[in-house]
Amino acid sequence: MPVPQGYQETDPLPASGAETFWTYVASEVGQTLILPDGRCDVIYHGRLQGDVIVDATPVLTGPATISFPVTYQPGDVWVGVRLQPWMALSVWGAGLAGARDQVLRGPAASAALPVLTPQNQPETIADLQTALEALENKLGRAGRGDLPENALSLIRVSGGQIAIHDLTAQLGLSERQLNRRFAVQVGLTPKLYASIIRFHRALRLIRDLGLSASEAAYEAGYSDQAHMIRSFRRFGGFSPAHIPTAMSLPGFSKLS
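Residues numbered from 1 in each chain as written. Predicted model: local features only at pLDDT ≥ 70, side-chain atom pairs only at ≥ 80, totals over all residues. Heavy atoms only, no water.

Caption draft 1: Region of interest: the packing of aromatic side chains. Here the structure, examined in full by the defined rule, presents eight aromatic pairs. Judged by centre distance (5.8 Å) and plane angle (40°), the ring pair of Phe199 and Phe235 falls under tilted. Of this pair, Phe199 sits in helix H7 (residues 190–207) while Phe235 sits in helix H9 (residues 225–235), placing them 36 residues apart in sequence. Residue classification places Phe199 among the buried residues on the basis of a relative accessible area of 0%. The exposure class of Phe235 is buried, given its relative accessible area of 2%. (Phe/Tyr/Trp six-rings, centres within 6.5 Å; stacked < 30°, edge-to-face > 60°. Helix = DSSP H or I, 4+ residues; strand = E, 2+ residues; numbered from the N terminus. Buried < 20%, exposed > 50% of the residue type's maximum accessible area, 1.4 Å probe, protein only.)

Right, dumping it as structure tokens:
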């Protein structure tokens, strides 16, 4: 997917609970469609004045399964960390069951994640990045729980096509055990997470590689083209024939 001008990512340390640290500084008026990735983000959003950010408001997102538009003005700035899917429990705790597609801002975000505090004094982008690195390090100490380390990677490597019974066989778990561990740690079912991965693969096949809708449906493992169209509408809000141009999910190609 194209990366918006003003967007930058920084790779985390190995074995980090972060997928990536990212910043976006808007230089124009616009809107982009954020696609779901099944992950949580912890973000500060404010206004850039010179070299400092004022009114940095904390934002906390739940595991994302639907797209949503974001509008911006020149000087708007976001500093965030996109977390590994298994970090959802560390972020939301007992509230994870109701966190799917939630976006909390300001006091609501701080109440849900008390270590995420408003930055009332002007801060630089580097200051906020340091604060998020410390936050991620603290949250990551909770670990993966009892979700097998390769459960997520097996789904990603398959492009979301691995059958659940094959996944449970490779992990040595029953389907009920896998569903429970996924729900507890990630906040989604493995089937839903796999469906998101498959949607992104099909989208890239059409948009980036130029495949037809029927070719992409076959390559991505959908039962037929109608099945793929339903997936596009569910996760993107659009059809394969009308893919928006102002749309991005930077970094996802690393994962699936």
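Caption draft 2: Representation of the pattern of salt bridges in the model. Counted by the stated rule, this structure contains six salt bridges. Between Asp37 and Arg82 there is a salt bridge, with the nearest N and O atoms lying 3.9 Å from each other. Placement of the pair is Asp37 in the loop between strand E3 (30–34) and strand E4 (41–49) and Arg82 in strand E7 (residues 76–83), with a sequence separation of 45 residues. As far as the burial class goes, Asp37 and Arg82 line up, both buried. (Salt bridge = Lys/Arg side-chain N within 4 Å of Asp/Glu carboxyl O.)

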